[in-house]
Protein chains: 2
Amino acid sequence: MKTTIEDVAKEAQVSITTVSRVLNNNYPVKESTRKKVEKAIAKLNFTPNSLARGLIRKRTYTVGVIVPSMTNLFFPEVVKGIEDCMGQNEYTLFLCDTKSEPEYERRHVGRLKERQVDGIVVIGPMSENIRSGFFEALTKEVPLVLVNGYHRGVRCNFILTDEEMGTLEALAYLQALGHRNIAFLRGEQIYSYDVKEEIFTRIMKQSNIPVMQENILVIPEGNSVETVDMSRDMVIRRLEKENPPTAIFCCNDWMATGAINAAKHLGVRVPEDFSIIGFDNIVISQLSEPKLTTIDQTMFKLGQGAAELLLEVIEGKKGEGSLKKVILETKLVKRNSCAVASRTV
Amino acid sequence: MKTTIEDVAKEAQVSITTVSRVLNNNYPVKESTRKKVEKAIAKLNFTPNSLARGLIRKRTYTVGVIVPSMTNLFFPEVVKGIEDCMGQNEYTLFLCDTKSEPEYERRHVGRLKERQVDGIVVIGPMSENIRSGFFEALTKEVPLVLVNGYHRGVRCNFILTDEEMGTLEALAYLQALGHRNIAFLRGEQIYSYDVKEEIFTRIMKQSNIPVMQENILVIPEGNSVETVDMSRDMVIRRLEKENPPTAIFCCNDWMATGAINAAKHLGVRVPEDFSIIGFDNIVISQLSEPKLTTIDQTMFKLGQGAAELLLEVIEGKKGEGSLKKVILETKLVKRNSCAVASRTV
DNA sequence: CCTTTTATAGAAAAGGTTTTCTATTTTAAA
DNA sequence: TTTAAAATAGAAAACCTTTTCTATAAAAGG
């Protein structure tokens, strides 16, 4: 049998109430009795049962974190940021992996609600669940923060990186190096890729560079090892065609890694003959030769920010009405994969 | 106010007991009443409170997972394996990151106990906490499984990969390719590196190859991006010295990636002039050119195995006495970083 | 038709805390 | 001293379920 507060009370010859008071330190108790109680606690190796606690306090010091995939490199960084902030506040994290299935996402939310979490942060929420109003409804039930899943008009708390700014920055950098014939590499279906592509075409137009359709490279999948080889092959094909680009903007670092491998395969020198810029700054960007120049998403900060935001929402249950939207800046990380354009179109 | 089972009972005009019964489906209830109750549940969007449930059932369907670092690439794979198995059994995971601090490891265990988890799996437990008897004592309190932290004589449940076998396999492969002058690259202080080094020297002796001290390469740290550059520099230095090795065994894939970069830097061809074999088969082993030949630790299976083991321990609370030890096989993954030795010593 | 089973439903206890309210003791004020 | 106030401690209700035990109604057996 587990030892309970009652056992401690008996051992210390006081009431349950008193034990609870020394435990929570929220009511005066005579020094001598406190000593007795503490001794009893130590002797019996007592740990309070947080189920009972949570039941009555209506606070579990527990939050749920929902991620599309644990093995994605991007997400663990964010989770670490969340855990860092939450851990300091005595919170423990429930971790839920959705395998990128909207169905699982909803199911996990259900389980978290059952478990009476004080809040939920959803990293990379599924568009489907945002658009259907699922999260908007959920916001009314439990403190909720959505990370990198902003949809305009949707009434949720959001935190996101300013991908627009990041893309702008990357493109400006490439142009400053004299590149005009720039390729764009993306995956399908993901919202953030849409944003980036839009910016890309806009910038090209503004610079009076005709957007060649063959410079928009699209691979089916975007966020795993397989992406590397798909990107590689895609880039090889482009580089072998007419009028090859002198630089490429990749929607993430997996793709950029593939691009590097492509160049290597063709004997094209990076960055002398071909500049490559990535996005995200996940750890693999430091593995390649040359190391990748990329746009830093500061995922750790994203996590921290999400945690802080969530904490605010949890505390300030009164000011229900006000939803928050936090936007994080990106940062250009110059490493060795970009250089001055070797030729001009 | 959250809706409770009582609200449902009122709405359906039945007793709490009956609602509980349709919820748990563990007692006959007339079809017509069941319908009524189900309708009420749906109407009120009722979710049972698992704190109250757990309190009385003494079962929370919750387990704790303790990892040294969330961002380590190795651990998320294991966690995924655990989540995969546990998720199917209606469990939810508490995730705890220890930042490789024994102190945090203990603290997290405390929090998990408070939260009445049904079990705990500790991935890469700190030696200090194993040796001090902390985990051995904990085993008597709560179902516990230690992953990759075997210490002989310690009475805990273990699951681990057979690193000995893996090392043997790697070395045999290198020798079969005709390599005799083989370097060994490791980090400091970690138990599994000790095991591998021991095997390495033993095999060398058995093959009548004098172990050259300059072929034992040791870098300070072992499991992060920094490792790559440290390894690179270390390997460059060795390759520039007298009598350079024709192959290298690296204790993990980070190190092996560094070795590849080193070779590239010196213009040494991999695998033609220099064979490199890694260990673990984490995702980065598929990023390099050439792709890394390595020893697969099947981390996902490690996680699944840990979960299954934990489930056994949780269920079979009666057979307390019997502790379990599971050993997983490794597998040689042949990719493109190893070839026949170009010269013999 | 009466008695015994069987099917179905409810009342109340239990689980381990926190918290409100009440009671006692001690101290301060008069 | 006596009385009022302050300090300290306990009893019991509350949190939301599950489960045991009891009660009723319907069906079956005689």
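Residues numbered from 1 in each chain as written. Chains lettered and ligands numbered in written order. Predicted model: local features only at pLDDT ≥ 70, side-chain atom pairs only at ≥ 80, totals over all residues. Heavy atoms only, no water.

*Asks:* Lay out the pairing of strand β2 (residues 92-97) of chain A in plain terms, naming residues and giving numbers.
*Replies:* Where burial is concerned, most of β2 of chain A is hidden: 6 out of the 6 residues are buried. Alternating residues of β2 of chain A divide into T92, F94 and C96 of chain A and L93, L95 and D97 of chain A, and every residue in both groups is buried. Pairing of strand β1 (residues 62-67) of chain A with β2 of chain A involves 6 bridges; the strand directions are parallel. Pairing of I66 of chain A across the sheet is with C96 of chain A, part of β2 of chain A. Taken together, β1 of chain A, helix α5 (residues 74-88) of chain A and β2 of chain A form a β-α-β motif whose crossover is right-handed. With 3 bridges connecting them, β2 of chain A and strand β2 (residues 92-97) of chain B associate as antiparallel partners. Across the sheet, the residue bridging to L95 of chain A is L93 of chain B, located in β2 of chain B. (Buried < 20%, exposed > 50% of the residue type's maximum accessible area, 1.4 Å probe, protein only. Helix = DSSP H or I, 4+ residues; strand = E, 2+ residues; numbered from the N terminus. Pairing = 2+ DSSP bridges. Right-handed = clockwise from strand over helix to strand, strands pointing away.)

*Asks:* Run through the packing of helix α1 (residues 5-12) of chain A against helix α3 (residues 31-44) of chain A, naming residues and quoting values.
*Replies:* Residues and elements named next belong to chain A. Their axes nearest at 9 Å, the elements α1 and α3 cross at an angle of 125°. Classed by the angle they form, the pair α1 and α3 counts as oblique. As α1 packs across α3, the resulting crossing turns out to be right-handed. Note on element contacts: α3 touches α1 through K36, V37, A40, I41, K43 and L44, opposite D7, V8, E11 and A12. Each residue belonging to the contact of α1 with α3 can be placed in one class, and the counts come to 6 nonpolar, no polar and 4 charged. (Axes fitted to C-alpha atoms, helices over the stretch in contact; angles between N-to-C directions. Parallel < 35°, antiparallel > 145°, perpendicular 65-115°, else oblique. Left-handed = near helix turned anticlockwise from the far one by under 90°. Contact = heavy atoms within 4.5 Å. Nonpolar A, V, L, I, M, F, W, Y, C, P; charged D, E, K, R; others polar.)

*Asks:* Account for the domain arrangement of chain A, naming residues and giving values.
*Replies:* Partitioning chain A into structural domains gives domain 1 (5-57), domain 2 (62-162 + 298-330) and domain 3 (163-296). Between domain 1 of chain A and domain 3 of chain A, the C-alpha centre-to-centre distance is 61 Å. (Domains from an automatic or database assignment.)

*Asks:* Hey, could you go over the sheet that holds strand β7 (residues 216-219) of chain B for me, with residue numbers and the actual values?
*Replies:* Residues and elements named next belong to chain B. The 6 strands lie next to each other as β7-β6-β8-β9-β10-β12, forming an open sheet whose pairing is mixed. The open sheet is flanked by β7 and β12 (331-333), the only strands paired with a single partner. If you compare each strand with its neighbour and ignore which way they point, the axes differ by 20° on average. Sheet topology note: the strand β10 (residues 293-296)/β12 ladder contains 3 bridges and is antiparallel. Each bridged residue has a counterpart across the sheet, and for T294 the counterpart in β12 is V333. Lying over the sheet, helix α12 (residues 253-266) contacts β6 (182-187), β7, β8 (247-250), β9 (275-280) and β10, oriented at roughly 160° with respect to β9.

*Asks:* Can you explain the sheet that holds strand β7 (residues 216-219) of chain A? Please cite residues and give values.
*Replies:* All names here are of chain A. Taken in spatial order, the 6 strands of this open sheet run β7-β6-β8-β9-β10-β12, and their pairing is mixed. Among the strands making up the open sheet, the edge pair consists of β7 and β12 (331-333). The average angle at which neighbouring strand axes cross in this sheet is 20°, direction not considered. Pairing of strand β8 (residues 247-250) with strand β9 (residues 275-280), which is carried by 3 bridges, proceeds in the parallel orientation. Paired with I248 across the strands is I276, a residue of β9. Strands in contact with helix α12 (residues 253-266) are β6 (182-187), β7, β8, β9 and β10 (293-296); relative to β9, the strand with the most contacts, it is inclined by about 160°.

*Asks:* Quick rundown of the protein's contact with DNA strand C? Include the residues and the values.
*Replies:* Surveying the vicinity of DNA strand C reveals 30 residues, the closest of which are I5, S20 and R53 of chain A together with T18 and R21 of chain B. The sugar-phosphate backbone supplies 54% of the atoms of DNA strand C found within 4 Å of the protein. At 2.9 Å, a backbone N or O of S15 of chain B approaches a phosphate oxygen of DNA strand C. In this structure, a base nitrogen belonging to DNA strand C sits 3.1 Å away from a side-chain N or O atom of Y27 of chain B. For the surface near DNA strand C, the leading source of residues is helix α2 (residues 16-24) of chain A, giving 5 residues. Residues that form the surface near DNA strand C fall into these classes: 13 nonpolar, 11 polar and 6 charged. (Near = heavy atom within 4 Å. Polar contact = N/O pair within 3.5 Å; in protein donor to acceptor, adjacent residues only side chain to side chain.)

*Asks:* Can you lay out the interface of chain B and chain A for me, pointing to particular residues and giving the numbers?
*Replies:* On the side of chain A, 57 residues touch chain B, which itself brings 57 residues to the contact. Around 5,000 Å² of area is buried between chain B and chain A when both sides are counted, 55% of it from carbon and sulfur atoms. The residue E289 of chain A makes a salt bridge to R232 of chain B at a minimum N-O spacing of 3.5 Å. Our count for the contact surface shared by chain B and chain A stands at 26 residue pairs in polar contact (both at pLDDT 80 or more). Elements represented by at least two residues in the side of chain B that touches chain A include exactly α4 (50-57), α5 (74-88), β2, α6 (102-114), α11 (225-240) and α12 of chain B. With 7 residues, α5 of chain B is the single largest residue contributor to the side of chain B that touches chain A. Its residues assigned to classes, the side of chain B that touches chain A shows 21 nonpolar, 17 polar and 19 charged. (Buried area = accessible area lost by both parts, 1.4 Å probe. Salt bridge = Lys/Arg side-chain N within 4 Å of Asp/Glu carboxyl O.)

*Asks:* So what's going on with the relation of the copies chain B and chain A? Residues and values would help.
*Replies:* With an RMSD of 0.2 Å, the fit of chain B onto chain A corresponds to turning through 180° and sliding 0.1 Å along the axis. Overall, the copies show the geometry of a two-fold rotation axis. A shared interface surface links the copies, since 100% of the contact residues of chain B are contact residues in chain A too. (Least-squares fit on C-alpha atoms with pLDDT ≥ 70 in both.)

*Asks:* Please set out α2 of chain A residue by residue, giving values where relevant.
*Replies:* Since one α-helical turn is 3.6 residues long, residues separated by three or four positions face the same way. Residues and elements named next belong to chain A. All of the buried residues in α2 are T18, V19 and V22. Seen along its axis, α2 keeps its buried residues to an arc of 100°; they face one direction. N25 sits one or two residues past α2 and shows a positive phi near 55°. (Arc of directions from axis to C-beta.)

*Asks:* Could you give an account of a nonpolar patch on the surface, naming the residues involved and the relevant values?
*Replies:* Where nonpolar side chains cluster on the molecular surface, the patch consists of L55 and I56 of chain A together with L55 of chain B and spans about 270 Å² of accessible area. The exposed category is assigned to I56 of chain A, whose relative accessible area is 71%. (Patch = residues over 30% accessible without salt bridge, like charges linked within 9 Å, V, L, I, M, F, W, Y side chains within 5 Å. Areas by Shrake-Rupley, 256 points an atom, 1.4 Å probe, with all protein chains shown as cover.)

*Asks:* Kindly report on the pattern of salt bridges, identifying the contributing residues and their values.
*Replies:* For the structure shown, the criterion picks out 46 salt bridges over all chains. Taking the shortest distance from any N to any O, the salt bridge between E198 of chain A and R202 of chain A comes out at 3.9 Å. Placement of the pair is E198 of chain A and R202 of chain A together in helix α10 (residues 191-206), with a separation of 4 residues, close to one helical turn. In this structure, D118 of chain B and R59 of chain B form a salt bridge, with 3.4 Å as the shortest nitrogen-oxygen distance. Of this pair, D118 of chain B sits in the loop between α6 and β3 (119-123) while R59 of chain B sits in the loop between α4 and β1 (62-67); the two residues are 59 residues apart in sequence, bridging distant segments of the chain. A relative accessible area of 8% places D118 of chain B in the buried class. What emerges from the salt-bridge pattern is a single network uniting E103, R106, R107 and E128 of chain A.

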